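# A closer look at the structure
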Number of protein chains: 2
Amino acid sequence: MKRILLLGATGSIGLQTVDVIEQHPDLFTLVGVCAGTQTEVIKDIVKKHPSIEVVGMATPIEVDNFAGEVFIGDTCMVDCIQNVEYDILVNAVVGFRGLKPTLASLEKGIDVALANKESLVAGGMLVRETLQRTGTKLYPIDSEHSAIFQCLQGNARGDIKRLIITASGGSFRDKTRDELGNVTVEQTLNHPNWSMGKRITVDSATMVNKGFEVIEAHFLFDLGYDQIDVVLHKESVVHSMVEYNDNAVIAQMGSADMRLPIQYALCYPDRPVLKEDRPYDMTKTHDLHFKEMDFDRYPMCRLAYEVGRKEGNLGAVFNGADEQAVQLFLEEKISFLQIEESIQKAIENATYISNPTLEELEESDLKARAFVKSLWY
Amino acid sequence: MKRILLLGATGSIGLQTVDVIEQHPDLFTLVGVCAGTQTEVIKDIVKKHPSIEVVGMATPIEVDNFAGEVFIGDTCMVDCIQNVEYDILVNAVVGFRGLKPTLASLEKGIDVALANKESLVAGGMLVRETLQRTGTKLYPIDSEHSAIFQCLQGNARGDIKRLIITASGGSFRDKTRDELGNVTVEQTLNHPNWSMGKRITVDSATMVNKGFEVIEAHFLFDLGYDQIDVVLHKESVVHSMVEYNDNAVIAQMGSADMRLPIQYALCYPDRPVLKEDRPYDMTKTHDLHFKEMDFDRYPMCRLAYEVGRKEGNLGAVFNGADEQAVQLFLEEKISFLQIEESIQKAIENATYISNPTLEELEESDLKARAFVKSLWY
């Protein structure tokens, strides 16, 4: 029986994690949940899971008939980590704030099932150092990295030629750059394949998300950027691939159901039955297309390679600028293309730190956000 | 350094095995070769490989400056097996005659890299019993079974939902059954994707070959026929797949190069560099299509499931009838559709033996051949 602490419980990945846990009462116990402001959702989860011992919320919450501990405010995630015994942390937090709890769990010596991209995009170097020092492990919760992780099983690292991350192309994949000038928030949030949170849907359209995934792959699988490629694949059926030195390409295919990577991260290397209404059937879906990545169409993906190669605090700047710019876009204060412009300028403007501490990363993050705001006000 | 004994050295798989061995002089030594009648080809191989200690030929051969032993005639393969020390047998013989050497090597306690389908189609029960008793292993050399073997790595048997064997559809995949009445040998041998031996190319067009692969998969991976499916996939890029209980589908993709499965069987689980002129590039090839298997269009594939489920000597009858019928077709003595008719009638006519000995299988094979001849003369 695996005891699970879940951060970001009320988001898309969080709720699907709860579903996976509920599908396997013989395998999992939910011992703690953290979230931001959705108190009613958390109360429902706590009611259904008497096994929960700790609750963390950014905003105040009162949970009826709850004998466990409740932590409120900015430090609630780390408080939960430190005050409950668990076997694996599911970090489904969105944004830079997910880095600190990742590090806290690894420091406690406990593995992390990671959906929080920013832990690696912004804090990859710190996380890598902590993993090595503590002997802990990360299990990817992301359709692409889970696919790669699955395709790596039973193969030697030295036999890898390259990782091939597939990219759907996002909401505007059929538009040229010239046509992106006046796209709306509503259009941007209408992703053709995946139902996800708002920020990641915008990040898919700009391919900032795919760029993040390249950086994540670098840290998760300890491979150089020359061994990580992106290929356009509009069906999102092949979730990613690994090509080996003998030219074999191993691919993982499936429907757009995040519960598969969640369950694989929690059950690895086992694959118990996952109830799904419409599992992937290759004879009943579209033909599969693959196209070379177009870095001119998606400059944020090219930028991610540059940022990744330079390391230091640039990932934190990249992410901080994006978080702020996407928020401004969702508030309809800047246009779609101004997201890219914000990020590009924030990186040009940043002061480079080669081996940043957590505090320096936090500072870089805040500065990038402030810089982006200053661009438009 | 792995010492390799190669049977069927002058055929398509045999020559590609020699190529793989020559690509890796640090990994492999060729210690013996057997073939049928192509003495000049064998002489060339022996000249290039001074490591060869035994040569077997169906027809007489004189090898200049060869200090090793030469075995001639029907028993030459088993003679070679018994008279040289080797680490793995590559059985690339075509036809029922490949069964005996497979059994002989396993009895000697030595693993077999198996391209000879008939060892399992006709003799699966005997081979299975011998594997279990001797603790030896089979490594598949077949693009489909190698793909499945690769996709199974790192996963538990109990987590398998089903194997999905892909089928190109063969030379006449765009024809209806009504259009098959007067197809020629030349048209039949023009396979759209693979360059292979004559018999297997004909067997692809009738899908006898795919039916054989279903039976092989049953024995290689110890799964029931309900867990083995065939899917039409005309590009032959996805070589086969495994679907797991969590709905993940793991696929192996690559170009139509048999050296990959050969090398994987010899190097398993390693994947050293394989030099290939045109390795598969998903962005530069056709879109991928998948269609449900059509058993009415390909009745031989349906028949294979029935034969496989009934076990006994029916696989030997199926194969013997097919070997004979294909030969008659290649000699232009019967039509394409009469291959199917021959097989169907041979199975209806056969006397069922539930637990056949090798001798009984040999007898069933001979009887099936004689029966097919008697049908048309």
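Residues numbered from 1 in each chain as written. Chains lettered and ligands numbered in written order. Predicted model: local features only at pLDDT ≥ 70, side-chain atom pairs only at ≥ 80, totals over all residues. Heavy atoms only, no water.

Let us now look at the overall build of chain A. Each helix and strand in chain A was counted, giving 15 helices and 12 strands. A compact globule built from 377 residues should have a C-alpha radius of gyration of about 21 Å, and chain A, at 20 Å, falls within 12% of that. Structurally, chain A occupies a C-alpha span of about 55 × 50 × 40 Å along its principal axes. Counting every position in chain A, which comprises 377 residues, the buried fraction comes to 61%. Considering only contacts within chain A whose residues lie at least 6 apart along the sequence, 68% involve residues at least 24 apart. (Helix = DSSP H or I, 4+ residues; strand = E, 2+ residues; numbered from the N terminus. Rg over C-alpha atoms; globule rule 2.2 N^0.38 Å. Buried < 20%, exposed > 50% of the residue type's maximum accessible area, 1.4 Å probe, protein only. Contact = heavy atoms within 4.5 Å.)

Time to look at the nonpolar core. Residues Val33 and Phe318 of chain A together with Val33 and Phe318 of chain B are the most contacted members of the largest nonpolar core, which totals 251 residues. Ignoring anything within four residues of it in the chain, the contact list for Val33 of chain B reads Leu5, Leu6, Ala9, Ile42, Ile45, Val46, Ile52, Val54, Val55 and Gly56 of chain B. Counting 24 residues, the second-largest nonpolar core is a separate cluster that includes Val249 and Tyr280 of chain A together with Val237 and Met282 of chain B. (Core = buried A, V, L, I, M, F, W, Y, C linked by side-chain atoms within 4.5 Å.)

Counting from both sides, the interface comprises 40 residues of chain A and, opposite them, 40 residues of chain B. Summed over both partners, the interface of chain A with chain B comes to about 3,700 Å²; 54% of that surface belongs to carbon and sulfur atoms. Among the residues chain A hides against chain B, the three largest losses belong to Asp246, Arg271 and Met282 of chain A. Together they make up 20% of the total. For the pair chain A and chain B, the number of links is 4 salt bridges. Between Glu292 of chain B and Lys284 of chain A there is a salt bridge, and its shortest N-O distance comes to 3.6 Å. Counting the contacts that link chain A with chain B gives 18 residue pairs in polar contact (both at pLDDT 80 or more). (Buried area = accessible area lost by both parts, 1.4 Å probe. Salt bridge = Lys/Arg side-chain N within 4 Å of Asp/Glu carboxyl O. Polar contact = N/O pair within 3.5 Å; in protein donor to acceptor, adjacent residues only side chain to side chain.)

Once that is clear, we can look at the packing of helix H1 (residues 12–23) of chain B against helix H11 (residues 259–267) of chain B. Helix-helix packing is characterised by the crossing angle of the two axes and by the distance between the axes. All names here are of chain B. Packing of H1 against H11 brings their axes to within 9 Å, and their N-to-C directions diverge by 60 degrees. It follows from the interaxial angle that H1 and H11 lie oblique. Judged by the twist between their axes, the crossing of H1 over H11 is right-handed. Listed contacts from H11 to Ile13, Gln16, Thr17, Asp19, Val20 and Gln23 of H1 are Arg259, Ile262, Gln263 and Leu266. Looking at the contact of H1 with H11 residue by residue, the class counts come to 4 nonpolar, 4 polar and 2 charged. (Axes fitted to C-alpha atoms, helices over the stretch in contact; angles between N-to-C directions. Parallel < 35°, antiparallel > 145°, perpendicular 65-115°, else oblique. Left-handed = near helix turned anticlockwise from the far one by under 90°. Nonpolar A, V, L, I, M, F, W, Y, C, P; charged D, E, K, R; others polar.)

The next subject is the domain arrangement of chain A. Residues and elements named next belong to chain A. Examined at the domain level, chain A breaks down into domain 1 (2–140), domain 2 (146–254 + 278–309) and domain 3 (312–377). Placing a centre on the C-alpha atoms of domain 1 and another on those of domain 2 gives a separation of 26 Å. Listed by partner, the interface residues are 13 residues for domain 1 and 15 residues for domain 2. Of the roughly 1,200 Å² buried between domain 1 and domain 2 on both sides combined, carbon and sulfur atoms contribute 72%. Here domain 1 and domain 2 share 3 salt bridges between them. One salt bridge in this structure joins Lys117 and Glu216, with 3.6 Å as the shortest N-O distance. At the boundary of domain 1 and domain 2, one finds 3 residue pairs in polar contact (both at pLDDT 80 or more). Listing elements by their share of the side of domain 1 that touches domain 2, those giving two or more residues are helix H5 (118–121), helix H6 (124–134) and strand E7 (138–140). In terms of residue class, the side of domain 1 that touches domain 2 is made up of 7 nonpolar, 3 polar and 3 charged. (Domains from an automatic or database assignment.)

With an axial shift of 0.0 Å and an RMSD of 0.0 Å, the rotation relating chain A to chain B amounts to 180 degrees. Within this description, the copies of the chain are treated as partners about a two-fold rotation axis. (Least-squares fit on C-alpha atoms with pLDDT ≥ 70 in both.)

Another point: the sheet that holds strand E6 (residues 112–114) of chain A. All names here are of chain A. If you walk across this open sheet you meet the 7 strands as E4-E3-E2-E1-E5-E6-E7, and the pairing is parallel. Of all strands in the sheet, those bounded by a partner on one side alone are strand E4 (69–72) and E7. Strand after strand, the sheet turns through a mean of 20 degrees between neighbouring axes, direction not considered. The pairing of strand E3 (residues 54–57) with E4 spans 4 bridges and is parallel. (Pairing = 2+ DSSP bridges.)

Along its 14 residues, helix H10 (residues 208–221) of chain A runs 20 Å from first to last C-alpha, staying within 8% of the 20 Å computed at 1.5 Å per residue. By the criterion of burial, H10 of chain A is predominantly enclosed, with 13 of the 14 residues buried. (Expected span 1.5 Å × (residues − 1).)

What follows covers the side chain of Lys117 of chain A. Residues and elements named next belong to chain A. Following the sequence through the fold, Lys117 ends up in the loop between E6 and H5. The class of Lys117 is buried, set by a relative accessible area of 7%. Excluding residues within four positions of it along the chain, Lys117 makes contact with Asp142, Ile200, Asn209, Glu213 and Glu216.

Looking now at the pattern of salt bridges. One pass over the structure, following the stated rule, counts 65 salt bridges over all chains. The residue Asp257 of chain B makes a salt bridge to Arg259 of chain B at a minimum N-O spacing of 2.8 Å. Taking the relative accessible area as the measure of exposure, Asp257 of chain B reaches 10% and is therefore buried. Salt bridges sharing common partners tie together Glu118, Arg199, Asp203, Asp322, Glu323, Asp365 and Arg369 of chain A.

Next up on the list: the pairing of strand E11 (residues 249–253) of chain A. Residues and elements named next belong to chain A. Counting buried residues in E11 gives 5 out of 5 residues, a clear majority hidden from the surface. Burial along E11 is two-sided: the residues Val249, Ala251 and Met253 and Ile250 and Gln252 are all buried. Pairing geometry for strand E10 (residues 238–244) and E11, over 5 bridges, is antiparallel. Within E11, the position partnered with Glu243 by the bridge is Val249. Where E10 folds back onto E11 in an antiparallel hairpin, the turn is made up of 4 residues, including Asn247, whose phi is positive at roughly 75 degrees.

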